[in-house]
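# What the coordinates show
What follows is the residue order along each chain.
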Amino acid sequence: MTSIAFIGLGNMGNPMAANLVKAGHAVSGFDLIEANLATARRNGVAVAASAADAVAGADVVITMLPAGRHVIAVYEDVVPKARKGTLFIDSSTVDVDSARKAHKIAADAGMLSIDAPVSGGTGGAEAGTLTFMAGGSKEAFAQAEPVLEPMAGRVVHCGDGGAGQAAKICNNMILGISMIGVGEAFVLAEKLGLSHQALFDVASTSSGQCWSLTTYCPVPGPVPTSPANRDYQPGFAAALMLKDLKLAQEAAQSSGAVTPLGAEAAQLYGLFSAMGKGDTDFSGIIHMLRGDAK
Ligand code: NAD
């Protein structure tokens, strides 16, 4: 049994913490929202009065927070108060620069840390099948891997500090671009009188094949489990896709990478969100491409 502090018990953090409790760990937790604390209590998390109280005596601290500024603020607060040898795991999706800053705060206090953002959404968090993309030293990763296991389908060590966040935004940039590409192809097919199923049958076994088509098809019918079959309820909300595409653009600018399609995808998801569609599934962008988003 490991003593784990979990800071940030929102849509992702609460089910993740619940899986750690189920695996037999002692989990203390903190969040700013009372309703989230009540859910955590019901799941067997020992709710603390503050983040600092939650980390007191913990072997491992996991954060699952909205953005880089929240992670830095929490690290600045709790790292100095944690006991020596505490392992810090940040699973939030944040910009690479903030991830590196968080590693530095931990390292300056003599603590091991990894950035370990996830893919798999709230469904994966509940089922304990998230993919973790980890960045940090081999020693930190070796300590973190068994802690992540009850929440994970897969854990990949991507490299040094920040490499997990880098992998996450590169993957999601591919996803955003490919979803727009697949959506455009279906819209063109409609104009040409080609049925959705015919395009799917050809492209899913041809060179146009990709996850956005075969697992997450943006039109109803060909893939019964895709959000298109439930009126584009997320799934993965367009606002979160926009967040990740913006992080990819920040990283492209600070590293000097040229990503014109990533930039275009960020613009298109920005437009879709500005139309009030941020909380619909990101595959719903096909409505905007078709010109029928209301
Ligand atoms: P959320 O808003 O539901 O949860 C974040 C929680 O952090 C909130 O409950 C908030 O009160 C809490 N918080 C903020 N500042 C705090 C502080 N100082 N101390 C304690 N708690 C604090 O968001 P979420 O959907 O759980 O996402 C969390 C992270 O996971 C984000 O970085 C997101 O991009 C990433 N992510 C989300 C999904 C998804 O499908 N929801 C998928 C992959 C990754």
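Position labels on residues start from 1 in each chain and follow its written sequence. Thresholds applied to this predicted model are a pLDDT of at least 70 for local features of residues and 80 or more for the giving and counting of side-chain atom pairs; totals over whole chains, interfaces and linings are not thresholded and use all residues. Side-chain descriptors were evaluated using all non-hydrogen atoms of the structure, hydrogens and water having been removed beforehand.

### Overview of the packing of aromatic side chains
Each pair of aromatic rings taken from Phe, Tyr and Trp, with Trp reduced to its six-membered ring, is defined by centres within 6.5 Å and is described as stacked if the planes are under 30 degrees apart, edge-to-face if over 60, and tilted in the remaining cases. Counted according to the given criterion, the structure contains five aromatic pairs. Arranged with centres 5.3 Å apart and planes meeting at 55 degrees, the rings of Tyr-75 and Phe-88 form a pair that is tilted. With Tyr-75 in helix 4 (residues 68-78) and Phe-88 in strand 5 (residues 87-90), this pair connects stretches of sequence that are 13 residues apart. Between Trp-211 and Tyr-216, the aromatic rings sit 4.8 Å apart at their centres with planes inclined by 20 degrees, giving stacked as the arrangement. Secondary structure elements are taken from DSSP: a helix is a run of H or I of four residues or more, a strand is a run of E of two residues or more, and numbering for both begins at the N terminus.

### Describing the packing of helix 11 (residues 238-255) against helix 12 (residues 260-277)
Their axes nearest at 9 Å, the elements helix 11 and helix 12 cross at an angle of 145 degrees. Taken as a pair, helix 11 and helix 12 cross one another with a handedness that is left-handed. On helix 12, the residues that touch Ala-238, Ala-239, Met-241, Leu-242, Leu-245 and Gln-249 of helix 11 are Gly-262, Ala-263, Ala-265, Ala-266, Tyr-269, Gly-270, Phe-272, Ser-273 and Lys-277. When residues are sorted by character, Ala, Val, Leu, Ile, Met, Phe, Trp, Tyr, Cys and Pro go into the nonpolar class, Asp, Glu, Lys and Arg into the charged class, and all the rest, Gly among them, into the polar class. When its residues are assigned to classes, the contact of helix 11 with helix 12 shows ten nonpolar, four polar and one charged. For helices, the axis comes from a line fit to the C-alpha atoms of the stretch in contact; other axes are also lines fit to C-alpha atoms, and the angle between any two N-to-C directions lies between 0 and 180 degrees. Take the far helix as the reference: if the near one is turned anticlockwise from it by less than a right angle, the crossing is left-handed, and if turned clockwise, right-handed. In what follows, a contact means two residues having at least one pair of non-hydrogen atoms within 4.5 Å.

### Section: a nonpolar patch on the surface
Each patch is assembled from residues with relative accessible area greater than 30% and no salt bridge, linking like charges that lie within 9 Å and nonpolar side chains (Val, Leu, Ile, Met, Phe, Trp, Tyr) that lie within 5 Å. Accessible surface area values rest on a Shrake-Rupley calculation with a 1.4 Å probe, where residue burial reflects the displayed protein chains alone. Any Lys or Arg side-chain nitrogen located within 4 Å of an Asp or Glu carboxyl oxygen qualifies as a salt bridge. A surface patch of nonpolar side chains, amounting to about 310 Å² of accessible area, comprises Leu-188, Leu-192 and Leu-194. Looking at where Leu-188 falls in the secondary structure, it is placed in helix 8 (residues 163-191).

### Thoughts on the site of the ligand
We define proximity as follows: a residue is near a molecule or strand when any one of its heavy atoms falls within 4 Å of that partner. For the ligand, the set of nearby residues contains 23 residues, the closest of which are Met-12, Asp-31, Asn-36, Leu-65 and Lys-243. Pairs of N or O atoms within 3.5 Å make up the polar contacts considered here, provided that, within protein, one atom can donate a hydrogen while the other can accept it, and that residues adjacent in sequence are counted only when both atoms are side-chain atoms. Here an oxygen atom of the ligand sits 2.9 Å away from a polar atom, N or O, in the side chain of Asn-36. Contact distances for the ligand include 3.2 Å between an oxygen atom and a backbone N or O atom of Pro-66. Elements supplying a minimum of two residues to the shell around the ligand: helix 4, helix 6 (121-127) and helix 11. For the shell around the ligand, the class distribution of residues is eleven nonpolar, nine polar and three charged. Composition of the shell around the ligand by domain shows at least three residues from each of domain 1 (3-160) and domain 2 (166-290). Domain limits in this description derive from either an automatic procedure or a database domain assignment.

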